[in-house]
Amino acid sequence: MRKLLLSFSALVLLLLVGCSDTAAPTTSPSDTTPAATTAFEFTETEHDFGLIKQSGGSVSYEFPFVYRGSESIEITGTPGNCLCTTGSLDKDSYAPGESGLLTVDFNPNLHAEPLGRFNKTVAILTNPSLDPIPEVTIWQEIDLDWGEEAFELSQHDDHLDGDEHPIVKDSEPKKEASSAKKATPTAPTGAEVAEIANDGQAPALAPLPADGIRRFRLTAKEVTAPLADGVKYNYWTYNGTVPGTFLRVREGEMVEFTLANDSGNRNKHSIDLHAVNGPGGGAGATQIYPGQEKTFRFQALNPGIYIYHCASSVIPEHVANGMYGLILVEPKEGLPTVDREYALVQGEIYSILKRGAKGTTQLSGEKMYAEDPEYIVFNGRVGALTGKRALTAKVGEKVRLFVGNGGVGKVSSFHVIGEIFDTVYPEGGTPVQNNIQTTVVPAGGATIVEFTVDVPGTYKIVDHALSRLTKGALALLEVTGAKNLEIFNDELK
Ligand SMILES: [Cu+2]
């Protein structure tokens, strides 16, 4: 057990440090923190909360400043880079020379990282805008209250498995956060929308513009929308749907990609397209605050079906909230012709409210790190592709499904009950395989499956880890047409 825990912890930390733009080094902020060089002159720009128990309630810290700009300035937002971190100011506008107070609240219940030492930032967005944007940083070390065994491990790491223990730095005594108060989860943010689910259509390749550059523009939008009967969730999305807009390009094309961050959002966002050859898949080039946008170009070198997702800290939080989608890079010669194409993406929802409990809810970082989702769904919500929104086909037609898995924690065992995949592009690559019953779609991966429907009826699309059905992992394919009793006869006595 000890080895397991150590390895797990090491892996998680390595992944976060490797992926996150702000995953923290293990050093502390310096004692003589330099004030920001922006128009906001802070007494200090960093604060260390020290050790915080995840169950211990939220903490806050006040950063005094003097506004040194030459003209009055309006405040348009104070986004944090995590649901757990929020900022507020004592005024809506400041005149030159005026003093102010930025209060930063950190709620460890909404924090979405494993044990370890991390930092979070809060920015001040203004009109007119400032460059650089003023930011303050808070540090904290999280105690997940994992009990005696974890405590014992942290005190007596003997490196039996050869791994460096990534978490425990016992050389200095840790101070307990002193200003703990009752935990109060923040209210979900963003406009209410009636439908979050992408309808599963996979539009054909659009004509290439005359200059030979294919352009896409996606907007990060934080919205509150129905997740299940009587349940609303605070989603983070691309273009207001889960998954985001289906993107289609052809091998060899130059793609110009613009990401915008809606001005009504509270969080920094970005995009990592797995179809990109280049650092971060675009994530480094697109870290933007609400109200900003950024553009980058990439050449689509490798054909296949790829996931794209947000890669802003804390990455799994953004992905679990719905920030993923599919991009198809058709091979130069195109894909073989079929009659129907649909796109669906599986995702896990780690809701604070238990499955079935009514109300408005949002991400539980604790459940996410335990990989214990309340819901597992196709296209964003329970029942997204059922009823009037079920996928359709006619007897004799060839159907192609682009299937992604946003994760963030589970591997999908993708299966259509009553069908055999004539063709599977394993993990979205080449060459293809034939006659497959169930195919694996890893978290952050995608695949293409094709089959001809011979018999009319309702076909259930599932993750064949079938306990997930009760969590919502079900889409339907309604096939109409004449019976084909030679292939399937359910009329025998
Ligand atoms: Cu994001």
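Above this text sits the structure in question.
The shown structure was predicted, so the numbers you read here are calculated from the model rather than taken from an experiment.

### Some words on unusual backbone geometry
A negative phi angle characterises most non-glycine residues, just as the trans form characterises most peptide bonds.
Point 1. Each neighbour pair has its own omega, and for S313 with V314 the value is 0 degrees, a cis peptide bond.
Point 2. The residue V314 is located in the loop between β18 (304-309) and α3 (315-320) in this model.
Point 3. The omega torsion of the bond from T430 to P431 falls at 0 degrees, within 30 degrees of zero and hence cis.
Point 4. Along the chain, P431 falls in the loop between β26 (421-425) and β27 (433-436).
Point 5. Backbone geometry places E371, a non-glycine residue, at a positive phi of 50 degrees.
Point 6. Secondary-structure assignment places E371 in the loop between α4 (365-369) and β22 (375-378).
Point 7. We note that E427 has phi near 55 degrees; this positive angle belongs to a residue other than glycine.
Point 8. Mapped onto the secondary structure, E427 falls in the loop between β26 and β27.
Point 9. E427 sits in the partly exposed class, given 15 other C-beta atoms within 10 Å.

### Describing the sheet that holds strand β24 (residues 398-407)
Point 1. A sheet is described by the order of its strands in space; here 6 strands give the open sequence β22-β20-β24-β29-β26-β27, paired in mixed fashion. Strands at the two margins of the open sheet, each flanked by one partner only, are β22 and β27. Sheet twist, expressed as the mean angle between neighbouring strand axes with direction ignored, is 25 degrees.

### Quick notes on the environment of F488
Point 1. Along the chain, the position of F488 falls in the segment after β31 (474-480).
Point 2. It is 9.8 Å that separates the C-alpha atoms of F488 and P456, two residues lying 32 residues apart in sequence.

### Some remarks on the pairing of β24
Point 1. Extensive coverage of β24 is indicated by the burial of 9 of its 10 residues.
Point 2. One ladder, built from 8 bridges, connects strand β20 (residues 340-349) with β24; its direction is parallel. Residue pairing for β24: Y342 is matched across the bridge by L401.
Point 3. Examined bridge by bridge, β24 and strand β29 (residues 445-452) share 8 bridges and lie antiparallel to one another.

### Notes on the pairing of strand β4 (residues 73-77)
Note on strand geometry: in a regular strand, side chains alternate between the two faces of the sheet.
Point 1. Where β4 meets strand β6 (residues 93-94), 2 bridges bridge the pair, whose relative direction is antiparallel. Bridged to E74 within β6 is S93.
Point 2. Direction of pairing for β4 relative to strand β9 (residues 125-127): antiparallel, over a ladder of 3 bridges. Its bridge partner lying in β9, G77 is registered against L125.

### Re the environment of N379
Point 1. Within the fold, N379 resides in the loop between β22 and β23 (391-394).
Point 2. N379 sits in the buried class, given 23 other C-beta atoms within 10 Å.
Point 3. Each C-alpha atom of the pair N379 and L474 lies 10.0 Å from the other, and the pair is 95 residues apart in sequence.
Point 4. Aside from chain neighbours lying at most four places away, what touches N379 is A197, N198, G200, V242, P243, L344, V345, A384 and L385.

Cut-offs and rules
Residues numbered from 1 in each chain as written. Predicted model: local features only at pLDDT ≥ 70, side-chain atom pairs only at ≥ 80, totals over all residues. Helix = DSSP H or I, 4+ residues; strand = E, 2+ residues; numbered from the N terminus. Buried ≥ 20, exposed ≤ 12 C-beta atoms within 10 Å, placed from the backbone. Pairing = 2+ DSSP bridges. Axes fitted to C-alpha atoms, helices over the stretch in contact; angles between N-to-C directions. Contact = placed C-beta atoms within 7 Å.

Read these as spatial facts, not as claims about activity.
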